[in-house]
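Here is how the chains run, residue by residue.
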Amino acid sequence: MADRPRFGPAGVPHMFRLKGAKLVDVPKLLRIEELDAFEYAAVRWGQVPQMKREDAQALREEAKRNDVLLSLHGSYFINLLGEKEVFEASKRRLIACAQAAEWMGAYVVVFHAGFYGKNGKTEALKKCISAVKEVSADLKSIGIENVKLGPETMGRHSQFGSLDEIFAVCQEVEDTQLVIDWSHLHARTGGGLRSAEDFRKVVVAAEEKLGTAAVKDMHCHFSKIEFTYKSGERRHHILDEPGYGPEFEKLAEVIVEFKLRPVMICETAVQDVDAAKMKKMLAKAQNKMGSQ
Ligand SMILES: [Zn+2]
């Protein structure tokens, strides 16, 4: 959990890869860019951890040395709302991700809960709550104590993960982490995040439902996003791309106003560069509105 607002990339930045950097070099390289969070991308993982324990532990050491807070994005191949077989396989994938998160000291596994499929909305919510409870109990039973489960707000209408659904899961299941993907929320609501007031409403609702600590420590994803009214999210865009929302400056105002300390993970194509830009925008808002 963050002691201050923190910023970092989703996955290893492309420039780091081009320069041939190893995973263990990432925290040091982020530090040079004045970033202090990193979301390891386990997004293509199957049912066992796809990294060695010693590599995860080496990353943990370097992250600690460079004061970089780690999180992990779980496998895309998870659908907790599927039929029994799909559910069981999804559960194993999520647990594999949590295992690696525990090794590397990542505080949360962020994941996409699944698709409504044949489930009605009420049934989907019930299923999701019971599934996340089950996974949480499984994690404890195998000694994974320090990793929270973070179901994320999703951008497509076919996906479980409206703001209210995520609030409900976090309310019902202990040891969950509130994860707001602001671009997904913007897409899902047909471009609903325009003014600072739009962002403020989300923060106020989160505080009402989950309490002050949960809202202050929210984990966030941010990018600009293209969407259609019919199905929602289409694709992510970089911050400098004109014509797309949401605008980070508006969220920055609300972060200052509510003294939030989110972990802000940037998911654009230039994820480290844009994370550094967001950090600067927040500093500007802090200067303008009086520092936190
Ligand atoms: Zn995600």
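Fair warning: this is a prediction, and the values are worked out from it, not measured in the lab.

Enquirer: Describe the sheet that holds strand 4 (residues 108–111), with residues and values.
Expert: The four strands are arranged 2-3-4-5 in an open sheet whose pairing can be described as parallel. Of all the strands in the sheet, the pair left with one neighbour each is strand 2 (37–41) and strand 5 (148–151). For this sheet, the mean inter-axis angle between neighbouring strands, taken without regard to orientation, is 30°. Examined bridge by bridge, strand 2 and strand 3 (residues 69–73) share five bridges and lie parallel to one another. Residue pairing across strands places Tyr-40 opposite Leu-72, the latter belonging to strand 3.

Enquirer: Describe helix 8 (residues 196–210), and please don't skip the residues or the numbers.
Expert: Taking 1.5 Å of rise per residue, the 15 residues of helix 8 would be expected to cover 21 Å, and the 21 Å separating its terminal C-alpha atoms lies within 8% of that figure. Among all positions of helix 8, only Phe-199, Val-202, Val-203 and Ala-206 are buried. Down the axis of helix 8, the smallest arc covering the buried residues is 95°, so these residues share one side. Within helix 8, the exposed residues directed more than 90 degrees away from the buried face are Glu-197 and Glu-208. In this fold, the buried residues of helix 8 make contact with helix 6 (163–172), helix 9 (212–216) and helix 10 (248–257).

Enquirer: Just give me the short version of helix 11 (residues 271–289), but keep the residues and values in it.
Expert: In an α-helix, one full turn covers 3.6 residues, which means residues spaced three or four apart are oriented alike. Compared with the 27 Å implied by 1.5 Å per residue over 19 residues, the 27 Å span of helix 11 between its first and last C-alpha is a close match. Turning to helix 11, its buried residues are Gln-271, Asp-272, Asp-274, Ala-275, Met-278, Lys-279, Leu-282 and Ala-285. On an axial view of helix 11, the arc spanned by its buried residues comes to 165°, and they lie on one face. Along helix 11, exposed side chains directed more than 90 degrees from the buried face belong to Lys-280, Asn-287 and Lys-288. Next to the buried residues of helix 11 lie strand 1 (6–9), helix 2 (26–32), strand 7 (219–222), helix 10 and strand 10 (263–266). Phi turns positive, to about 90°, at Gly-290, one or two residues after helix 11.

Enquirer: So, the sheet that holds strand 7: which residues are in play, and what are the values?
Expert: In space, the four strands of this open sheet follow the order 1-10-7-6, with parallel pairing throughout. Both outer strands of the open sheet, strand 1 and strand 6 (179–181), are each paired with one neighbouring strand and no more. Here the strands of the sheet are splayed against their neighbours by 20° on average, with no regard to which way each runs. Bridging between strand 1 and strand 10 involves four bridges; their strand directions are parallel. Its bridge partner being in strand 10, Pro-9 is matched across the sheet by Cys-266. Running over the sheet, helix 11 touches strand 1, strand 7 and strand 10 and is turned about 165° from strand 1.

Parameters at a glance
- Residues numbered from 1 in each chain as written.
- Predicted model: local features only at pLDDT ≥ 70, side-chain atom pairs only at ≥ 80, totals over all residues.
- Pairing = 2+ DSSP bridges.
- Helix = DSSP H or I, 4+ residues; strand = E, 2+ residues; numbered from the N terminus.
- Axes fitted to C-alpha atoms, helices over the stretch in contact; angles between N-to-C directions.
- Expected span 1.5 Å × (residues − 1).
- Buried ≥ 20, exposed ≤ 12 C-beta atoms within 10 Å, placed from the backbone.
- Arc of directions from axis to C-beta.
- Contact = placed C-beta atoms within 7 Å.

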